[in-house]
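Commentary on secondary and tertiary structure
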Amino acid sequence: MITNNSKPLLEVQGLHASVNGVAILKGIDLTINYGEIHAIMGINGSGKSTLAKILAGHSAYQVTAGNVIFDGKDLLALAPEERARSGVFLAFQYPIEIPGVANNQFLRLAYNTVQTQRGKDELDPLEFDDYVREKMKLLEMNPDFLDRSVNEGFSGGEKKRNEILQMALLEPRLNILDETDSGLDIDALRIVANGVNQLTNKDNATILVTHYQRLLNYIVPDYVHVMNSGRIIKTGGKELALELETRGYDWIGAEENIPEGAAL
Amino acid sequence: MSEVASNHYLEGLLKTYSQHSSDVTPWLSQMRNEAVDRVGELKIPTKRDEEWRFTDISSLTDIPFQTAQTIPQLQPADIKHHYIQEAATRLVFVDGHYASALSTINNDSGIIAGNLSMLLPSYSAKIAPHLGQHVSYGDNIFAALNTAFLHDGVVIIVPQNISVSSPIQLLFIATQKEVTSHPRCLIIAEPGSNVTVVEDYIAGQEVAYVTNAVTEISVADNAHVNHIRLQRDSNQAFHIANCTATLAHASNFQSINVALGARISRLNLNVQLASEGAECAVNGLALIKKRQLADTHTFIDHIKPHGTSRQLHKCIVDGAAHAVFNGKIMVQPNAQQTDSSQTSRNLLLTGQAQVNTKPQLEIFADDVKCAHGATVGQLDPEEIFYLKSRGLSEQAARNLLTYAFGAEIIERIPVISLKNQLEQAVLEYTQSTES
Ligand SMILES: Nc1ncnc2c1ncn2[C@@H]1O[C@H](COP(=O)(O)OP(=O)(O)OP(=O)(O)O)[C@@H](O)[C@H]1O
Ligand SMILES: [Mg+2]
């Protein structure tokens, strides 16, 4: 939701980044205020996940220019765990499997770490069990997933739900959902989207990376951005997603390429 | 190491031998004398011996480790924290000597348990067919030495169709420096019986000593033995062990071997599937750091048809430690319908940590199902990043992943308090690696 008096939560300024010397992000500017939902769309390989992982602090990417300010602080100076503790959360496009680490143990460790950071009490295993089961109900998740290893053998959709469960537990300020909708069946999409809607409010903000307008019917964005080869090439309202759905991406490039003055 | 040093060392060791030999059963004294002769013919192995390629034990002979001359009087309070609470029977040996005051024998279940010298007069007929029959020392100097020094030891006889519900703990405590002990265990599970035995090696002091153990296990028809072997010797100690289990028809042997201690340790584990339909699971975990070396050699021998073996061996190597795994699985010509799998997985936590793993399959039968494989790797940076992105510190993430790697073996231990104790030990290990 866009409000007039809200302040920026995230400011990405002229962000350039590369991996192994190959430039991937080539100047991203993006400001997200508290309470807002931004969708990022764009063709495969345009750099959406790269942007998401850089915000989360993945070390494979080198920031070569630009700044990222999170709640007034230099986000790039923080280690990934410090970012997480100060409220940055990335729901991964491809959540990793961690054999041998029980999901409930992992979730409790993450929860307690973040709670401690916020000066709140940790929960013991029994208290946490009650708490996490409540959150699982929100996502209609079977409690059996607590006893399994983190994401191990989870179906694509189950992994995505487990990501949103973590978001529900950690109550971040910046939610970055990287293609959380892909892999979800129609019912699951509705359930997960409902869950996300219950978690978004005026004290946080959300970036939705998606390829499909369908998700945006459930989680309505305030802005839609289109990325292409490492840049945001167009920004619009939610109707832009509908237009992309019918027209694809080609026309944007064409429109942008019209020489100045030619349209006059 | 030179031959002279080796022989000097062995002579030194054998000097203590003569002080003991008297009043014994003739068959036992003959067995010992043969072993003494054999020791005279053998040498301490060097890295030139194929079986000891990666494990240099030459430093063993730097100090003339004698058997203990005096035994400290330990009080139960001194060692209580090592007790496994579920155990109803506990046999304690201090520096190789049986400590009856510290031991508890509960015969309610019908088992016969105690030390060899006590049980030999009454049970010679049951003991003789097994003692020295499963571990044949051949060229194995350490097994021969152990046999030469065979005066006492553990005997557990589980009579036919008896199931012992609580585990039996065998506790070997080393308290003195520069002492060699030769622990000896004999476990006889008669047909249809069921027993869990925990063989536990503990350091009373962080000093240098030698443990040279031999364990023989006979698993009769339809019997089931859980054997948990826990090596937590001093980080300056040498621990050498030879263990053989012989499996009869449709018997089941579950083995878990955990190596945490010792400067240099070597376990030779030999499982003979000597009759049809025998089944075994052999699990190993070596958790070592600094300059420790843990060497595990296993040999699973499918001699008869319809045998099943499952092996998972894991090493977690930190600091400049070195793990060695050599796992041979043999499927003899007669052993059709064998089903065998073997996995060696290794985690190196530093650049100097080292592992040599060699799984080997030798198959001489055609109708078999066998799989084996080995992996050596570091912690996965993507897994670490995932955990950090949820707020865990780098160290907490590494600890959790290391712990999880080892927990896969520890979770298989069927004794809850021991499992918890070891989980704690792994946690402490991972935490102590914090830089
Ligand atoms: N670690 C890496 N090594 C090499 N190339 C990489 C790496 N990470 C990303 N890239 C490249 O960067 C480009 C952008 O990838 P990214 O994953 O950000 O795209 P995306 O917009 O998320 O695509 P999709 O819609 O398919 O998820 C791609 O060409 C990709 O191959
Ligand atoms: Mg992507």
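Residues numbered from 1 in each chain as written. Chains lettered and ligands numbered in written order. Predicted model: local features only at pLDDT ≥ 70, side-chain atom pairs only at ≥ 80, totals over all residues. Heavy atoms only, no water.

1. Focus: the overall build of chain B
When helices and strands are counted, chain B shows 8 helices and 20 strands. On the principal axes, the C-alpha backbone points of chain B span a range of 70 × 50 × 45 Å. For chain B, with 435 residues in total, the buried portion stands at 58%. Contacts in chain B between residues far apart in sequence, at least 24 positions, make up 83% of those at least 6 positions apart. Counting every atom, chain B has about 16500 Å² of accessible surface; 47% of that belongs to carbon and sulfur. Taking the average location of the 31 positive side-chain charges in chain B and that of its 43 negative ones, the two points are 4 Å from each other. (Helix = DSSP H or I, 4+ residues; strand = E, 2+ residues; numbered from the N terminus. Buried < 20%, exposed > 50% of the residue type's maximum accessible area, 1.4 Å probe, protein only. Contact = heavy atoms within 4.5 Å. Areas by Shrake-Rupley, 256 points an atom, 1.4 Å probe, with all protein chains shown as cover. Lys, Arg positive; Asp, Glu negative; His and termini not counted. Charge placed at Lys NZ, Arg CZ, Asp CG, Glu CD.)

2. Topic: the overall build of chain A
Each helix and strand counted, chain A has 9 helices and 12 strands in total. Its C-alpha atoms give chain A a radius of gyration of 19 Å, within 12% of the compact-globule value 18 Å for 264 residues. Its C-alpha atoms give chain A principal-axis dimensions of about 70 × 40 × 40 Å. Within the span of chain A, comprising 264 residues, buried residues form 51% of the whole. When contacts within chain A are restricted to residue pairs at least 6 apart in sequence, long-range pairs at least 24 apart make up 70% of them. With an accessible surface of roughly 11900 Å², chain A has 48% of that area assigned to carbon and sulfur atoms. (Rg over C-alpha atoms; globule rule 2.2 N^0.38 Å.)

3. A short note on the coordination of the magnesium ion (ligand 2)
All names here are of chain A. The protein atoms donating to the magnesium ion (ligand 2) are Ser49 (OG) and Gln93 (OE1), with metal-donor distances spanning 2.0 to 2.1 Å. With a gap of 44 residues between them, Ser49 in helix 1 (residues 48-56) and Gln93 in the loop between strand 6 (88-91) and strand 7 (98-102) connect regions that are remote in the sequence. No difference in accessibility class separates Ser49 from Gln93, as the two residues are buried. (Donors = N, O, S within 2.8 Å, 3.2 Å for Na, K, Ca; no water.)

4. Focus on the pattern of salt bridges
Side chains carrying opposite charge are able to pair once their charged atoms draw close together. Evaluated as defined, the whole model comprises 26 salt bridges over all chains. Between Arg390(B) and Glu163(A) there is a salt bridge, and its shortest N-O distance comes to 2.7 Å. Taken together, the positions of Arg390(B) in the loop between helix 6 (381-388) and helix 7 (394-410) and Glu163(A) in helix 5 (residues 156-170) put the pair across two chains. For Glu163(A), a relative accessible area of 0% gives the class buried. The partner of Asp139(B) in a salt bridge is Arg38(B), and the shortest N-O contact between them spans 2.6 Å. With Asp139(B) in the loop between helix 4 (116-127) and helix 5 (141-148) and Arg38(B) in helix 2 (residues 26-41), this pair connects stretches of sequence that are 101 residues apart. (Salt bridge = Lys/Arg side-chain N within 4 Å of Asp/Glu carboxyl O.)

5. So, the state of the cysteines
All names here are of chain B. Under the criterion given, the structure shown has 0 disulfides over all chains. Cys315 forms no disulfide, and the closest cysteine sulfur to it belongs to Cys243, at a distance of 18 Å. Cys315 sits in the buried class, given a relative accessible area of 1%. (Disulfide = S-S within 2.5 Å.)

6. Topic: the sheet that holds strand 2 (residues 22-33) of chain A
One open sheet accounts for 4 strands, arranged 2-1-4-5 (chain A); its pairing is antiparallel. Two strands bound the open sheet, and with one partner strand each, they are strand 2 and strand 5 (73-74) of chain A. (Pairing = 2+ DSSP bridges.)

7. Topic: the site of ligand 1
Residue and element names in this part refer to chain A. Contacts to ligand 1 come from 14 residues, most closely from Ile24, Lys48, Ser49, Thr50 and His211. In this structure, Lys48 approaches ligand 1 through a side-chain N or O atom, which is 2.8 Å from an oxygen atom. For ligand 1, a nitrogen atom lies 3.2 Å from a polar atom in the side chain of Tyr61. Surface burial for ligand 1 is 62%, taken as the share of its 630 Å² of free accessible area covered by protein chains. (Near = heavy atom within 4 Å. Polar contact = N/O pair within 3.5 Å; in protein donor to acceptor, adjacent residues only side chain to side chain.)

8. Things to note about the environment of Asn235(B)
Residues and elements named next belong to chain B. Inspection of the secondary structure puts Asn235 in the loop between strand 10 (224-232) and strand 11 (238-247). The class for Asn235 is partly exposed, based on a relative accessible area of 32%. Within the structure, Asn235 has its side chain in polar contact with the side chain of Gln292 (distance 3.3 Å).

9. A word on helix 4 (residues 125-138) of chain A
All names here are of chain A. Taking 1.5 Å as the rise per residue, helix 4 with 14 residues should run 20 Å; its terminal C-alpha atoms sit 20 Å apart, in good agreement. Residues Phe128, Val132, Lys135 and Met136 constitute the buried set of helix 4. Buried positions in helix 4, seen along its axis, are confined to an arc of 100 degrees and lie on one side of it. Residues of helix 4 that are exposed and angled more than 90 degrees away from the buried face: Leu126, Asp130 and Lys137. (Expected span 1.5 Å × (residues − 1). Arc of directions from axis to C-beta.)

10. Some thoughts on the environment of His82(B)
Residues and elements named next belong to chain B. Examined against the element boundaries, His82 turns out to sit in the loop between helix 3 (76-79) and strand 1 (89-94). Given the relative accessible area of 17%, His82 is considered buried. Within the structure, His82 has its side chain in polar contact with the side chain of His81 (distance 3.2 Å).

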